[in-house]
Each structure stands twice: as C-alpha cells, then as structure tokens.
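Notes for the structure review
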Amino acid sequence: MIVAHRGVWDAHPENSLAAIRAAAAFDVVEIDARVAADGGIVVMHDDTLLRTTGDPRAVADVPGCEIRALRLRHGGGGPEAGLSEERVPGLAEALAAGPGLLFDLDAKDPAEAEAEAVARVAVAADAADRAAIKIDVADTDGLAALAALEARTGLAVIAKLVLRDAGSLALVEAVASAGVAVAEVWFDDLDLVREAARIGGGRLLLSTYTLDPVHCAGLSDSRAATDPGAVWGRLLDAGIRLIMTDRPAALRGYLKARASRLA
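Since this is a predicted model, take the numbers as computed values, not measurements.

Checked against the element boundaries, Ile67 lands in helix 3 (residues 64–68). Given the relative accessible area of 0%, Ile67 is considered buried. For Ile67 and Ala94, which are 27 residues apart along the polypeptide, the C-alpha to C-alpha distance reads 14 Å. Dropping the residues within four chain positions of it, Ile67 is found in contact with Ala36, Val42, Leu49, Val59, Val62 and Val88.

Scanning the model with the defined rule gives 20 salt bridges in all. Here Arg6 ties to Asp32 by a salt bridge, and the two come within 3.4 Å at their closest N and O atoms. Placement of the pair is Arg6 in the loop between strand 1 (2–5) and helix 1 (17–22) and Asp32 in strand 2 (residues 28–35), with a sequence separation of 26 residues. One salt bridge connects Lys134 with Asp104, and the closest N-O pair in it is separated by 3.2 Å. One end of the pair, Lys134, is in strand 7 (residues 131–136); the other, Asp104, is in strand 6 (residues 102–107), and 30 residues separate them in sequence. On the basis of relative accessible area, Lys134 is assigned to the buried category, the value being 4%. One continuous salt-bridge network, built from bridges that share partners, spans Arg6, Glu14, Asp32, Asp46, Arg51, Asp106 and Lys108.

Applying the stated criterion across every chain, the model contains 1 aromatic pair. With a centroid separation of 6.3 Å and an interplanar angle of 45 degrees, the aromatic rings of Trp232 and Tyr254 are classed as tilted. Remark: Tyr254 occurs in helix 11 (residues 248–262) and Trp232 occurs in helix 10 (residues 228–238); sequence separation between them is 22 residues. Judged by its relative accessible area of 1%, Trp232 falls in the buried class.

Rules used in this analysis
- Residues numbered from 1 in each chain as written.
- Predicted model: local features only at pLDDT ≥ 70, side-chain atom pairs only at ≥ 80, totals over all residues.
- Heavy atoms only, no water.
- Helix = DSSP H or I, 4+ residues; strand = E, 2+ residues; numbered from the N terminus.
- Buried < 20%, exposed > 50% of the residue type's maximum accessible area, 1.4 Å probe, protein only.
- Contact = heavy atoms within 4.5 Å.
- Salt bridge = Lys/Arg side-chain N within 4 Å of Asp/Glu carboxyl O.
- Phe/Tyr/Trp six-rings, centres within 6.5 Å; stacked < 30°, edge-to-face > 60°.

Here it is in structure tokens:
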C-alpha cells in the first residue's frame, strides 16, 4: 500500500486539504496533528507555524481558530515559498476531505494526553473505521499503553518499533500476539525486517518510510528515483507492505511495472 506523506504536496501545500484530496489516488494519507492553545486539533507538522505559514508563534500558544485562518505556504513551505489560498485545516476538516482514504495520524507531541485528544477527534468525526494513530512502543509497557489508548478511544493504534538487533524481535512477537494490525518499523538491517515479517506472518503488517529527511538503511526517495528496485523493491522483498513516500506517483508506477514483470 502507498502512504502519501503529508498528502500530495508537490503541487499543493503539505498537510493541506488540497494535498489530502490529491492523495485519494493512493491508499493511505499520513497527516500530522498538534493540539492548539484552546485544545483544538490542527493539522501541522512543526511545533511552530513559521515554516508553513510565516507566523513565528508556537502552535501550542495560538488558539485553533486563529491557526485555521492562516494561509499555508506552497509545497513544503520555507521563506522562499509564497502563500497559497489553502489554510491550515483542523483535524476533523481534514478527515472529511478524504472520505475514501485511510488516514495515518501522527500526533507530534509524544505525550499520551495529546495522542488521546487526537484519537478522540478522529472517532467523533466518524473516522474510526478508516483512521489509525501511531505511538512509540519500545517495550511491553509501551505495548500496554497502546492497548489502553485503543480501549479508551476506540481508534486503532499503529505501533512504532525500532528494530535495533535480534533482541527487538521478541517485541515484534508481542505486538503481533496483542492483535496490533500494523507496525511502522525503523531499521538498519533488512535481515531484521525479513525476520520481523516472518514472525508477524498474516497477523501484523509492516510499514516503513523512504523520505529523504528520514529513512532506513540508505533507502530513500531520491535513491528510488534512479533505482526503484534497489529501494522499494528490496523493501517489498523483505516483507514491507506499506511504504510512506513523498513520491507516491513514482511508487505507484514502480508497483505497476513490478506486477507486470511478475505476472
């Protein structure tokens, strides 16, 4: 499955309603969520509004209604990007913009209270059947926190796992045995991914990312642009079933070509 990171933002502002609507051509859209000063949930990656809107204030210091009135800079933002007509969406508004999409919700503040607030907005927006929130799971305590969050809110939770060494595989088994459907994995060694996929079997789908700013084992979008088989192909062969990318159209093209070769 193709996960469009922050929507499709080559032609639209990242995390905007337009970027989310454009992601309807793919399987999943990943968006970022933060709690504003009044407790409202807005779709924003950074802890300040500067890069994406030009406003230097922190998200946590500004009421949601003020944030939602701000115009977003084009693309990935930054001082060279002009302002678009798109405005910062609230989370409920963003979920409504992609009725046929699955949503991967990334609560940027690791505090449990923020994750729960994000989850509750998703459930209230009738998106519990098409959204999941992800949290770090470093040990069995983290797995217990995941299960408790899911039980309290009714929203599915994705486990974020770090595959450091063979000892990490015991946690993969625990996550799969707990009934978690998806684990997003970071790794340096594809052999660990293969073993994690074997352990997960049909119980646990593995996800990862090939974003240029953050990726695993040198497997980046830029590298995939010239040799997709060496990046996306290797991930698929190792057992990855969801790939988050800033180049979703290129990944879709590769998957179609790969399917034709294997047919």
